[in-house]
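A look at the structure
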Amino acid sequence: MGDIIGKYLENPDFTKEEFAELLGFASDPEAAGRLREEAVRIRKLHYGEKVYTRGLIEFTNYCRNDCYYCGIRRGNLHARRYRLTKEEILDCCDRGYELGFRTFVLQGGEDRWFTDERMAEIIRAIRSRYPDCAITLSVGERPYESYRLWKEAGADRYLLRHETANEAHYRKLHPSGMSLAVRKLCLYDLKLLGYQVGAGFMVGSPGQTAECLAEDLVFLKELQPHMVGIGPFIPHHETVFAKEPAGSVEQTLFLLSVIRILLPKVLLPATTALGTLDPRGREKGLEAGANVVMPNLSPVKNRKHYDLYDNKICTGEEAAECRGCLSRRVESVGYYLVNERGDAKI
Ligand code: SAH
């Protein structure tokens, strides 16, 4: 059989077949432990005990897409839709800056009310008020020209999970109007424009196999993103996948270690979804190689409506409480939050 873990530790330049074999060990505690140890060694080598924070501003839950897994999909007629005004967004940044955030992430559904120009205006306003902060966008697929305009307006980073790198699996998760090819093209456009780019996927989404995950890893290696967001799939009651089982915390942690070793300097968040499935999920994520957390800066009145999956945590607290809680959690596993932009050391 050979020691596939040892082989990976020696040289992570794996083929799809080798990744699939490696993933067969996701529920083997000894294998996971060996990968975790190496992942932590690498993360400490590049980032010490620092944990970077991103203030997440969920500024709209309107969405033109109908992704089968997502609670804010267009087809969910029960979602209470909201949009933040530019002033509300700036208020979130003000609160965030006071609390020590030096990255603001504007995330939302694909809401074309926010035209290229409206987005650019918001970006310019944040850029001029906070020249020392990074601005991250996460608003889905747009033409090259829109991405270019926003880059010029002052955006630095873009999060666009590829969701799955397997064609057939992509079609199972999305309606026919959407395609993996377009998703990938957007990621390459963003890279070309000089954004720091984040890709990623859900772990345990319906129909996902070890081969799908192996393709995700091969794709990540090829794309060489600055950030990789992964979290377990969690069903939402108003979606096609309402009755599907959630992804596994164990497999997510295993993948975090695998990705840290594959892309040593990558920015790797311990996600809210991980914290939703396991009360110590984010701490465990940090212990598996993650180095970023993304607490919520959205106004409390809107939070529960940015409802991607059921039982999402941190929807009731003020930003300061969230930051304080997270800071304690991070310290409980030997790391500490820093007030820095936290660019990738790539
Ligand atoms: N519209 C933006 C932002 C999407 S929300 C975009 O297209 O990029 C951010 C991420 O939440 C998605 O990329 C998806 O991976 C994740 N997500 C959505 N529904 C989820 C669910 N049911 N369980 C876990 N993660 C989910």
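Heads up: these notes are all about the structure in this document. (Residues numbered from 1 in each chain as written. Predicted model: local features only at pLDDT ≥ 70, side-chain atom pairs only at ≥ 80, totals over all residues. Heavy atoms only, no water.)

Right, let's get into the nonpolar core. Ranked by size, the top nonpolar core spans 89 residues in total, and within it Ile126, Leu137, Trp150, Tyr195 and Ile259 carry the most contacts. Ranked by the residues each element gives to this core, the list is headed by helix 10 (residues 249-262), at nine residues. If we skip the residues at most four places from it in the chain, tyrosine 195 touches Leu137, Tyr147, Trp150, Lys151, Ala155, Asp156, Arg157, Tyr158, Leu190 and His226. (Core = buried A, V, L, I, M, F, W, Y, C linked by side-chain atoms within 4.5 Å. Buried < 20%, exposed > 50% of the residue type's maximum accessible area, 1.4 Å probe, protein only. Helix = DSSP H or I, 4+ residues; strand = E, 2+ residues; numbered from the N terminus. Contact = heavy atoms within 4.5 Å.)

Axis separation between helix 9 (residues 210-223) and helix 10 bottoms out at 11 Å; the angle between their running directions is 25°. Compared by their axis directions, helix 9 and helix 10 come out roughly parallel. Like other packed secondary-structure pairs, helix 9 and helix 10 cross with a definite hand, here right-handed. Judged by residue contacts, Leu213, Leu217, Leu220 and Lys221 of helix 9 engage Gln251, Leu255, Val258, Ile259 and Leu262 from helix 10. (Axes fitted to C-alpha atoms, helices over the stretch in contact; angles between N-to-C directions. Parallel < 35°, antiparallel > 145°, perpendicular 65-115°, else oblique. Left-handed = near helix turned anticlockwise from the far one by under 90°.)

Next up on the list: the sheet that holds strand 7 (residues 227-232). Strands sit in the order 2-3-4-5-6-7 across an open sheet of six strands; the sheet is parallel. Across the chains shown, the open sheet's two edge strands, defined by having one partner strand only, are strand 2 (55-60) and strand 7. Ignoring which end each strand starts from, the neighbouring axes of this sheet average 20° apart. Two elements, strand 3 (residues 103-108) and strand 4 (residues 134-138), share five bridges in a ladder whose sense is parallel. Residue glutamine 107 lies in a different strand from strand 4, and its bridge partner there is serine 138. Taken strand by strand, helix 10 contacts strand 6 (196-203) and strand 7, and its axis lies near 165° from that of strand 7. (Pairing = 2+ DSSP bridges.)

With that out of the way, let us pick up the site of the ligand. Near the ligand there are 18 residues, and of these Tyr69, Gly108, Arg161, Glu163 and Ile234 occur at the shortest range. Take tyrosine 69: an N or O atom from its main chain is 3.0 Å from a nitrogen atom of the ligand. With respect to the ligand, the side chain of arginine 161 contributes an N or O atom lying 2.9 Å from an oxygen atom. Computed on the free molecule, the ligand has an accessible area of 560 Å², of which 91% lies beneath the protein chains in the complex. (Near = heavy atom within 4 Å. Polar contact = N/O pair within 3.5 Å; in protein donor to acceptor, adjacent residues only side chain to side chain. Areas by Shrake-Rupley, 256 points an atom, 1.4 Å probe, with all protein chains shown as cover.)

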